[in-house]
Every structure is written in C-alpha cells, then in structure tokens.
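Here are the chains, one letter per residue:
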Amino acid sequence: MKIKFCLRYETYMGEELCVSVCQSDGSIRQYRMHSSNNEEWTAIIDTPATEGNMLRYYYSVYRQQTEIRTEWKYMRHTLQMTGQGTYVCYDRWNDMPDDAYLYTAAFTDCINRRERKTLQADNMQQPVVLKVYAPQLRNNESLFLTGEGENLGAWRSELAMPMCELAPNEWAVAIDAAKLASRSIEFKFIVKRNDNDPSIIWEEGANRTIDIPETTENAIFVYELNRAFFLIDNRKFAGTAVPIFSLRSKGSFGVGDFGDLKLMIDWVKKTSQSILQILPINDTTLTRTWVDSYPYNSVSIFALHPMYCDLRQLPQIADEKKAAEFEALRQELNALPQIDYERVNKAKEEYMHLLFAQEGKATLASADYKTWFADEEQWLVPYAQYCVLRDKHGTPDYTKWPDHNVWDENDRKTLTNQRTKAYKEVAYYYYVQYVLASQMKGAHQYAQQSNVVLKGDIPIGVNRYGCDAWMEPRYFNLNGQAGAPPDSFSVNGQNWGFPTYNWEEMLADDCAWWIRRFSNMAKYFDAYRIDHVLGFFRIWEIPIHSVHGLLGQFQPALGMTVDEIEQYGLHWNEELMTRPFITDWVIDRWFGERAAYVRKTFLNNTANDCYELKPEFDTQRKVEAYFTAICNGDASKISDEDAALRDTLYALISNVLFLRDHREPNKFHPRISSQFDPCFEMLWDNDKHAYNTLYNDYFYRRNNHFWYHEAMKKLPRLVNATRMLVCAEDLGMVPDCVPWVMDELKILSLEIQNMPKEVNLRFGNLHHNPYRSVCTISSHDTATMRMWWDEDYEQSQDYYRTVLFRGDDAPHPMPGWLARDIIFRHLASPSMLCILTLQDWLATDEALRLPEAGAERINIPANPRHYWRYRMHINLEDLIASDAFNYSLEGLIKETSR
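Below, the structure is looked at part by part. What you see is a predicted model, and the numbers here were worked out from it, not measured in a lab.

Scanning the protein chain from terminus to terminus reveals 26 helices and 35 strands. Taken against the 2.2 N^0.38 rule, which gives 29 Å for 898 residues, the C-alpha radius of gyration of the protein chain at 31 Å falls within 12% of a compact globule. With respect to the principal axes defined by its C-alpha atoms, the protein chain has extents near 105 × 80 × 70 Å. For the protein chain, with 898 residues in total, the buried portion stands at 57%. Long-range contacts, defined here as pairs at least 24 residues apart, represent 72% of the contacts in the protein chain between residues at least 6 apart.

Here's what the structure looks like:
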C-alpha cells in the first residue's frame, strides 16, 4: 500500500520532520520527510496492510538526529484504508489542546462512551476522506456533514451524511468525488442526538471549503481538518470520595470489597453522579497488625490488597462445617461499627488458603490465568517471593533476613517452574493476585458501562521495607525520609518514613518504573489523583536520624553558600548557626522543674552557660530509642511526663538556624519555622531582619524556576503514560511554579474553600475556582464538614456571616439544611469536578447520617500511627433504597447543572 504524507509545518534551519508509523507488532517505523522550503513536508512510503486496515502514525521534529518535539500522544493520526490505490494524506500538526481532558479515558471510555464504527467507502470510484476532531460531543450525540449539492445533503440536516468515530473524538466520512458537481466543495459539520431529540447544533465559523485535485491516478485523498467547534457549554460533574474499606453491604466480610464497589457504582449512577474516587488499594501487609491499615504505605505499587477480595464471587468452600464457621464470623465482623483490621485479614487469608487448596490447581491451569500471568510476571514473581520471605523470617525488614537481602533475577526461573519447591511456596500469592485483579477489572468495566469514572489514588511514596525497595533499590534514597514541612495538620511537619526517590536513576531510563506504575493503574481506573504532587517538584527530605519533620530540607533545592548568606548581612558563625542552640535560659524555660535532670542526663557543658547534647543523645532517633528502652521496647506505654520530656528533647535537637545540605556539605538551608525557636530569638534585631529576608527569598523565590524545570523533567512523561484523567493534590507550601506546570500539562488542581490558595483570605471564593479543578469540602485527611463546623465556633461563625451572608448566630451542631446550602454552593462553583466525601453527602439528611460527627473521621495526619478503620454505618443496599435522600441529592446535582 503506497501512502503519501503531506504536512505544512514551519521549521528552522537544521530541523527535519519524520513520520512514525505504528506497526502491527507494536513497533514503530520512522520515515524521513523532505521539504524544499522548510514548511511543506512530504514523505512517500510503501507499507503492508494492517489489522483492520487501520494505520496509526504521528510526526516528530528532529535536530541532529535528536527528537526535540513530537505531536501529542493522544491525538495520533488514523488512516483507515478503504480501497486500493495511493493514499494522499493532508495532515495537521496536533499539539496538546486546552481541552485535553476530553481525550482522556474518563471522557472517551466512561462519560462520553460511544460505539465506534468503521468507515464505509465501498463502491466509490474516487473516495475522498474528510477527518475532523470533535471532542465536545456527548455520549448520545453523533457528527454529521452537510453542504452544497445533493450529494452533501444540500444543507438539509435530515439529509446530512453520518460520520463514524475512528478513534476517540476523531470522526471521518468518505465522499465519492466522481459524483460531485464540482471539485470545489463547501460544507459544515453538525451534531445530532441519537435519541428522539430533534435539535441540531451547527458548528461555529464560516463554511468550510476544499478544492479536490484532479487526478488520473488511482488516488484517495484524505484531508485532516481544523477541529470542529460548537456552542456547547463546558460540562461539570459531581462525584463521591470513599475508601473501599469503608464500604458496607449486607454480604461483605467486615470490610468493603470489590463486590461492594459495584454497589457503590450503582448508587453513584442513581444519584446522577459521574465520579467515584477511592483511596489506594495496594497491598500494605507488613506486620499483620492494625498498623498495616495505613493505605498509603504500600509494599508493592502493583499488588492489590487481599482484604478487598469479594468472597461472594468465588466458589464455596467444600467443607460445610468450615463454611458455616466463616459465615458466622462474617456476620459478627460485618455487624461491628468499625473495621477490625486484624481479625478481618486473618479470616480472609485463612479462607483464601482453603480455597487455593481446593481450586488453585484448576485456576492456575486456565488459559485466562496464563495470559494474565504473562502480562504481570515482571512484578508478580518478586512480590510473591518477598511475601514468602517476609513471613518466613517474621519481619518485612529485608536487611535483617539471613539471605535474599535484595531480589535476585536468577531466582525467577525457579519461581515460575511448577515442578520446584520454590514455586509451590509462591503459587498461593499468584492465585490471590489473579483473583483480585479479575475482580477489580470487573468493577472497572462495570463502572465504564455505567458511565461512571473510577478515580484512583497514587501515593507519593512506598514503604522502605516493601517489595519495591527490595526489588529495585537503585530507584530509592534509603538514607532519607519523605515528609512534609509544618502546616495546619502538624506544627512539627510530617515524617511519612518513605524513602525518597533517586530521580537521577529514574530519569536515566526515562522513568520506566513510574510508567509501569501508571500503566498498571490504567487497568483499573480512568482517572487518578496524584498524592502530594509537590513531591515531583521537590520533596521534603528528612534525615534518617530525625523523628520530626523540622530538620528536613527540600530536595532538590539550591542550597546557599556562606558567601550568599553573608550577602544578606548575616555574619556566618557555623558553630552557632548549625548546631543546637542550648543555654541555661533555654533549658530552664523548656524543661522547668526537670532542667537539672536534663543537664545531668542528656547534656555536656561546653562553656559558661552553653551546652551540647551527649553523643548518645545527639539525634532524635537516639532519644527515641532511649525512651522506648525504658518502656521495655513498647513506645505506646510511655508515660505522659516522659513523652513530654522526649518531645522537648526533639525540639532542642532541632533548635538550629541552618541545616547542612544532604548532598553538598558546603551549602546550607535555613531551617523551616526557625523563627519560633530560641535560636532565632537570640539574634540581634538587625540579624533577625536579615535572616527573615533570606528565609523568604529562599523558600518563596530562589528555587521557583529550578523547581519548574525539575517537574518538567518528570511529570510530562508520567501524565502522557496513560489516557487517565490527571488530578493533583496541590495543597501545602505551594511554590509559584506549581500552577505554571499544572496549567501547561492540563492537570486538574484541588480546591478546598477553607484552605484557600489566595493570599490573605480566610475562606476561598468558590467562584474563583478554575474550570480545570476538583472542588471539595473535606478529605480523608481532614475533619468532615460537620466536624469542622463544631471544631472552632468562632471560625464557623465567621464563615456563616461572611460566606453564607447570614446575620444570626451559627447553629450547632450543623443542621441538615445548612449542610445542603454549603454543598449547593460548592456544586455551583466553576470547577469541572465537585467530589464530596460520602460523610458530607450524608450530612444533608439528619435522619440518615451518623448521630456522632466525630465517628466520621478517617485519618489524623499528625498521628503517623493512626488506625484507619472508618466504615459507613448504613448498608449500601439500604442507601440505594433511600429514595427521598437520593432524590434530594439528584435534585441538587441537576439544579447546579452537573
């Protein structure tokens, strides 16, 4: 098949264009293009027919054999070969459009899900194909062409030519040029609805015209036209955020599962919502205790958590006595108001072991399993061995295992050979992950068929003792801890304990680890939330010897030399500025009656009234270990008095003005929030002014462009790895460069009214929300709307009067009508998505919601050992049957045009 590619694209001297053609085996073949004027480029190729006669290709710009620009990945050109002859393709260069979200799977596979058809050009003497992008069309709409002359419908909508959708949002129609009265055609595109609605939408702008060349050859002309634009409003959608573990149905086993997810999808659809957002669903099994309930502490970015297995979808256990015992236990656990994480997981694991012994051999011999295993083997085999070794040695800390301290690729052959002992040890984990993947894919397909978008969550970190770090340690800085600087959640910052990423190593292979991670997510979701997107600009890296987050520093960041520091007017004294400032007045103020004990036990006198910490107590981890030891190894049993002493010693260790850079020891960073400590208080007034100027420059100006370029090295690769809709959690200490990048990559921001991004505002203005954003009231990390309302009466009174414009006293507790009013205002905001927690939706119905608002909380970020066990108090079956409540929500959503 001969194809001539024609593209008008202006290049600079030394640049050239290539066309890349996707081959049937998945490979890419490139062809150089030629131009006589650096503007009009052509290439002629011979290529064999492809499967379905569909050819996909794209254009790239090269300079000195290096690609410098390429078209947007998700607007590739599609050529359907409808007959024999030479195809002449007049194409347009496709950059990422402003409405790139309309090309994501959230829209094309869910919200605007449409049946795709092939182009019909049979029996045409001179077929001419017209192609156009029309992303605004909804799931019940189709594109038509009408124009001058009877063969084009004579401008009559009822005679318009139907077009077919070749690829997401790319429409095509074939015209027989031999039947046209003129080689010059004039036409427009129109939108018709597929139901009985007779309304027609005509595209904006002047009529389109094309002059079809005369040809004696058997040529088929293919024209790619400017995208069609219609006066169709931007659409807005409502959704619900709820963890899967929090779901409750009459048949679940004490925790929400993938079967309950389908019921939740039913409720979302019934109330005219379009989005269902969940928390991470990866395996977090480390200790087999409730501590593993933290869903952001995954041991594998690929493996799903076994507790989400829906046992109802599996064969019954043959042992009737055992089956009866499990049913009795299920009823007991399912009746609990909260999740009993340890009992639920122990019971489900026992059940799955029995089922594996009963069904495993047949399942692992099935064709479907073998196909799945071939696709997942890369991560599955190491994960299964990690699980076996973790349980065998009684610890996830692989550095303490007697052997196998890192994954050995040479073990793969043995672990996949069914005749080996090693295979028999790991096969159970293969089986469980296959069952989980099958159930989650089923829920995903069910959501797509229901026009509901499943939105997942990608945690910023992984556990330092998990399978990912064990399998590929080169990707992680295991001597650092990821966290967050001080914020409204925690005055000491947050220490998540995750290793930070070795971005140099990750970028060296084009972020292959991340691309595998995102590609795996796309099997289950059509949208996702990037947890702590600021970490892709810079991460708050805390030394391994620190407990709190105050001793962290942004990495990467431009540390300051001594000369730069002194240019601000500060005289550099390394000992005074980089070591804990400890004097008698500090000790007396902070430790009070225990000051003498502290001097004797923890400190050495250095000169006059100055001190330093003894070597055995000079880091927070050493202090932590000391107090844990005096509690016989159980830190939870520490007395309140000793806990206060320990925490004050932590503060003493962090009482410094500057921190030495983790990678360049001759550079320094101002310590975050140091102005609240004695190390700042002891400065002269002119030095305080100089330090504050330096501090503000460093944290808010110095790194902006540097961090922009750091993010642009990483995020474009990840955003373009899949067609999922990308949303980001961009809260906290947000540099100015973050909105630059998010706007450039069309990433949706997160907007929370009581955490405004605008300076000097107590509450954000909802009408100022950008369209490309997610609007919400609360999240899993915050108090729910009802809790927030009662936390601070002065704050809620201020909101009641200045935002809701009510002159009387704010009612407490929050009545249902008030919750409805606040939700209505959020739904009416310009944000594309308004996703509210299930608890906040329920707050509108005083009869349906939990009596005690405090029981609705999911997580407390300031507590790293929080027990994640919230579970909805109403069965999903009863929620779906709550017609009055559901009708009320549906009315709110429709009234605000969502």
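Our focus in this paragraph is the packing of aromatic side chains. Within the structure shown, the criterion is met by 74 aromatic pairs. Look at Phe658 and Tyr691: their rings are 5.5 Å apart centre to centre, the planes differ by 85 degrees, and that puts the pair in the edge-to-face class. Placement of the pair is Phe658 in strand β30 (residues 658–660) and Tyr691 in helix α18 (residues 685–702), with a sequence separation of 33 residues. An identical accessibility class is assigned to Phe658 and Tyr691; each is buried. Following the ring pairs from residue to residue traces out a cluster consisting of Trp540, Phe554, Trp572, Phe658, Phe668, Phe680, Tyr691, Tyr695, Tyr698, Phe699 and Trp707. Arg76 extends its terminal NZ or CZ atom over the ring of Tyr58, reaching a point 3.7 Å from the ring centre.

Moving on, we come to unusual backbone geometry. Generally, phi is negative for residues other than glycine and the peptide bonds are trans, each holding for most cases. Of note, the bond from Gln555 into Pro556 is cis; its omega dihedral lies within 30 degrees of zero at -5 degrees. Relative to the elements of secondary structure, Pro556 occurs in the loop between β27 (553–555) and α11 (562–566). In this structure, the amide linkage connecting His812 to the following residue, Pro813, adopts the cis form with an omega of -10 degrees. Counting through the fold element by element, Pro813 comes out in the loop between α22 (793–802) and α23 (816–827).

Time to look at the packing of helix α4 (residues 341–364) against helix α7 (residues 421–449). Where α4 meets α7, the closest approach of the two axes is 9 Å, and the angle between their N-to-C directions is 95 degrees. Viewed along their axes, α4 and α7 adopt a mutual orientation that is roughly perpendicular. Contacts between α4 and α7 involve Glu349, Met352, His353, Leu355, Phe356, Glu359, Gly360, Thr363 and Leu364 on the former and, on the latter, Tyr423, Ala427, Tyr428, Tyr431, Val432, Tyr434 and Val435. Tallied by class, residues from the contact of α4 with α7 come to 11 nonpolar, 3 polar and 2 charged.

Further remarks concern the packing of helix α2 (residues 258–270) against α7. The angle between the axes and the distance between the axes are what describe a pair of packed helices. Running from amino to carboxyl end, α2 crosses α7 at an angle of 5 degrees, the nearest separation of the two axes being 9 Å. Classed by the angle they form, the pair α2 and α7 counts as roughly parallel. When α2 is examined against α7, the residues Phe258, Leu261, Lys262, Ile265 and Asp266 are found in contact with a partner set consisting of Leu436, Gln439, Met440, Gly442, Ala443, Tyr446 and Ala447. Tallied by class, the residues present in the contact of α2 with α7 amount to 8 nonpolar, 2 polar and 2 charged.

Moving on, we get to the pairing of strand β8 (residues 86–91). When strand β1 (residues 2–8) meets β8, the two strands line up parallel, connected through 6 bridges. What sits directly across from Leu7, in β8, is Asp91. Where β8 and strand β17 (residues 219–224) come together, 5 bridges link them in parallel fashion. Each bridged residue has a counterpart across the sheet, and for Tyr90 the counterpart in β17 is Tyr223.

All right, on to the sheet that holds strand β25 (residues 527–530) then. Strands pair in a sheet through their backbones, by hydrogen bonds, and they do so in one of two ways: parallel or antiparallel. Taken together, the 8 strands give an open sheet; going across it, the order is β32-β25-β20-β19-β18-β35-β34-β33, and neighbouring strands pair in parallel fashion. In this open sheet, the two strands that pair with only one neighbour each are β32 (725–728) and β33 (749–752). The average undirected angle you get between the axes of adjacent strands in this sheet is 25 degrees. Here 4 bridges tie β25 to β32, and the two strands are oriented parallel to one another. Bridge pairing in β32 places Ile530 opposite Ala728. Strand contacts of α2: β18 (237–241), β19 (275–277) and β20 (453–458), with the helix running at about 140 degrees to β19, the strand carrying the most contacts.

Among the nonpolar cores identified, the biggest contains 211 residues, and Trp267, Tyr430, Trp514, Phe658 and Leu879 are the most heavily contacted of them. Top element by residues in this core is α7. It accounts for 16 residues. Trp514 has contacts with Ile458, Tyr501, Trp503, Met506, Phe536 and Leu718, leaving out every residue within four places of it along the chain. Grouped together as the second largest cluster of nonpolar side chains are 31 residues, Leu145, Met163, Phe187 and Val191 included.

On to the sheet that holds strand β22 (residues 480–484). One open sheet holds the 4 strands; their spatial order is β23-β22-β26-β27, and the pairing between them is antiparallel. Edge positions in the sheet fall to β23 (494–495) and β27, since each of these pairs with one other strand and no more. With 4 bridges joining them, β22 and strand β26 (residues 539–543) adopt antiparallel strand pairing. Among the inter-strand pairings, Gly480 is bridged to a residue of β26, identified as Pro543.

With that out of the way, let us pick up the side chain of Gln481. Within the fold, Gln481 resides in strand β22. Overall, the relative accessible area of 3% leaves Gln481 in the buried class. Polar side-chain contacts of Gln481 include one of 2.6 Å to the backbone oxygen of Pro543. A polar atom in the side chain of Gln481 sits 3.0 Å from the backbone oxygen of Ser546.

If you walk through the whole model with that rule in mind, you get 0 disulfides. Of all cysteine sulfurs in the structure, the one in Cys89 sits closest to Cys22, which takes part in no disulfide; the separation is 14 Å. Using a relative accessible area of 26% as the deciding quantity, one classes Cys22 as partly exposed.

With that settled, consider the pattern of salt bridges. A full pass over the atoms with the stated rule returns 67 salt bridges. Here Glu15 makes a salt bridge to Arg69, at a shortest N to O gap of 3.4 Å. Note that Glu15 is positioned in strand β2 (residues 15–22) and Arg69 in strand β6 (residues 66–70), a separation of 54 residues in sequence. Between Glu751 and Lys757 there is a salt bridge, with its nearest N and O atoms 3.2 Å apart.

Another aspect to go through is α23. Each α-helix winds once per 3.6 residues, and so residues spaced three or four apart point in a common direction. The end-to-end C-alpha distance of α23, which contains 12 residues, comes to 16 Å, matching closely the 16 Å that a straight helix rising 1.5 Å per residue would cover. The complete set of buried residues in α23 reads Gly816, Leu818, Ala819, Asp821, Ile822, Ile823, His826 and Leu827.

Structurally, Gln385 is set in helix α5 (residues 367–393). Taking the relative accessible area as the measure of exposure, Gln385 reaches 7% and is therefore buried. In the structure, Gln385 is positioned 40 residues away from Glu425 in sequence and 8.2 Å away in space, judged by C-alpha atoms. Filtering out sequence-adjacent residues up to four positions away, Gln385 remains in contact with His404, Trp407, Asp411, Leu415, Val426 and Trp470.

Scoring rules and cut-offs
Residues numbered from 1 in each chain as written. Predicted model: local features only at pLDDT ≥ 70, side-chain atom pairs only at ≥ 80, totals over all residues. Heavy atoms only, no water. Helix = DSSP H or I, 4+ residues; strand = E, 2+ residues; numbered from the N terminus. Rg over C-alpha atoms; globule rule 2.2 N^0.38 Å. Buried < 20%, exposed > 50% of the residue type's maximum accessible area, 1.4 Å probe, protein only. Contact = heavy atoms within 4.5 Å. Phe/Tyr/Trp six-rings, centres within 6.5 Å; stacked < 30°, edge-to-face > 60°. Lys NZ or Arg CZ within 6 Å of the ring centre and 35° of its normal. Axes fitted to C-alpha atoms, helices over the stretch in contact; angles between N-to-C directions. Parallel < 35°, antiparallel > 145°, perpendicular 65-115°, else oblique. Nonpolar A, V, L, I, M, F, W, Y, C, P; charged D, E, K, R; others polar. Pairing = 2+ DSSP bridges. Core = buried A, V, L, I, M, F, W, Y, C linked by side-chain atoms within 4.5 Å. Polar contact = N/O pair within 3.5 Å; in protein donor to acceptor, adjacent residues only side chain to side chain. Disulfide = S-S within 2.5 Å. Salt bridge = Lys/Arg side-chain N within 4 Å of Asp/Glu carboxyl O. Expected span 1.5 Å × (residues − 1).

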